[in-house]
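# Observations on chain architecture
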Amino acid sequence: MGLLDTILGRSKPVRPDLDRLFALPAAAITLEAAAGFTPTGTGSVCFASVEGGAFAQLQTDVRELLDADADAGAGGIPVEFSRDSYGYTWLLTRHPAADTASLVNDLHAVNTLLQDGGFGPQLLCSLMAFRETGGNRVLALVYLYKRGTFYPFAPLPGETERRDNALELQIRALLSEDLRVETDLSRWFPVWGAPGLQG
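Conventions we followed
- Residues numbered from 1 in each chain as written.
- Predicted model: local features only at pLDDT ≥ 70, side-chain atom pairs only at ≥ 80, totals over all residues.
- Heavy atoms only, no water.
- Helix = DSSP H or I, 4+ residues; strand = E, 2+ residues; numbered from the N terminus.
- Buried < 20%, exposed > 50% of the residue type's maximum accessible area, 1.4 Å probe, protein only.
- Contact = heavy atoms within 4.5 Å.
- Salt bridge = Lys/Arg side-chain N within 4 Å of Asp/Glu carboxyl O.
- Pairing = 2+ DSSP bridges.
- Core = buried A, V, L, I, M, F, W, Y, C linked by side-chain atoms within 4.5 Å.
- Axes fitted to C-alpha atoms, helices over the stretch in contact; angles between N-to-C directions.

To continue, consider the environment of threonine 183. Mapped onto the fold, threonine 183 is located in the segment after α6 (165-174). On the accessibility criterion, threonine 183 (70% relative accessible area) is exposed. Separated by 32 residues in the primary sequence, threonine 183 and tyrosine 151 have C-alpha atoms spaced 8.7 Å apart.

Buried within helix α5 (residues 100-119) are the following residues: Thr100, Leu103, Val104, Asp106, Leu107, His108, Val110, Asn111, Leu114 and Phe119. Contacts made by the buried residues of α5 are with α2 (24-35), β1 (37-48), α3 (53-66), β3 (88-94) and β4 (123-132).

Here we take up the pattern of salt bridges. With the rule as written, the count across this model stands at seven salt bridges. The salt bridge involving arginine 94 is made with glutamate 80; its shortest N-O contact spans 2.7 Å. Of this pair, arginine 94 sits in strand β3 while glutamate 80 sits in strand β2 (residues 80-83), and the two are 14 residues apart along the sequence. The shortest N-O distance in the salt bridge between arginine 137 and aspartate 164 comes to 3.5 Å. Of this pair, arginine 137 sits in the loop between β4 and β5 (138-144) while aspartate 164 sits in the loop between β6 (149-153) and α6, placing them 27 residues apart in sequence. Note on arginine 137: relative accessible area 25%, which makes it partly exposed. Overlapping salt bridges bring together Glu132, Arg137 and Asp164 as one network.

Below, the discussion takes up the pairing of β1. In summary, the side chains of a regular strand alternate between the two faces of the sheet. Across the 12 residues of β1, nine count as buried, placing the element largely inside the fold. Two elements, β1 and β4, share eight bridges in a ladder whose sense is antiparallel. Within β4, the residue paired with threonine 38 across the bridge is arginine 131. Sheet topology places β1 next to β3; seven bridges connect them, and they run antiparallel.

A few words now on the nonpolar core. Judged by nonpolar contacts, the single largest core of 51 residues is most densely connected at Leu31, Leu141 and Val191. No other element matches β5, which puts seven residues into this core. Look past the residues within four positions of leucine 31 in its chain and what remains in contact with it is Gly36, Phe37, Phe130, Leu139, Leu141, Ile171 and Leu175.

Pairing is antiparallel across the open sheet formed by six strands, whose spatial order is β2-β3-β1-β4-β5-β6. Either end of the sheet is taken by a strand with one partner, and the two such strands are β2 and β6. In this sheet, adjacent strand axes meet at a mean angle of 25° when their direction is disregarded. Strands β1, β4, β5 and β6 of the sheet are contacted by α2, whose axis makes an angle of about 135° with β1. Strands in contact with α5 are β1, β3 and β4; relative to β1, the strand with the most contacts, it is inclined by about 10°.

The structure is reproduced here in structure tokens:
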């Protein structure tokens with residue numbers, strides 16, 4: 001960053017650090033112990049689709065990489081691609097609820113393949129889903145690719161596009177030692193209907 005950038009108040013964008021995703025298993029332990037939320041075994045990656053053969057090939061490569069367990073009869077579940085009402089593409093991956101490490105490895109692999117393929121600007125976020133033990137509340141820990149930060153997203157059960165803000169703030173406080181939490185609350189975007197987060 002040069003002197004002119006400093007004078008004009010421009011800041012250098014944060015470089016994504018995908019290795020921060022590997023902090024999610026520790027955060028999952030904290031969530032279970034302190035708040036009673038356990039992993040569901042689902043996670044997803046959201047990105048803006050791009051037309052063209054290179055992007056289509058990359059999606060094929062992602063599917064082949066993550067479906068290797070399912071094809072080998074190792075008990076893996078094939079990944080699912082879907083498109084939301086805003087036109088964004090979601091990739092959903094599933095693992096046994098206790099295997100957060102494998103889930104995070106999948107999320108990291110997808111982000112890395114897209115980034116290394118030159119599609120980093122299309123990456124929006126990744127999330128890992130949790131459910132309240134003995135309750136009906138759900139929660140996602142969302143990783144913002146362009147910010148390199150996490151935030152909690154907690155839709156209210158049975159409500160249409162309303163959030164449990166008190167729970168989100170509670171989770172932020174609980175995970176401040178485990179994750180780099182996004183400090184700008186205006187960037188805590190809702191991910192309504194995100195695959196893997198539905199009841």
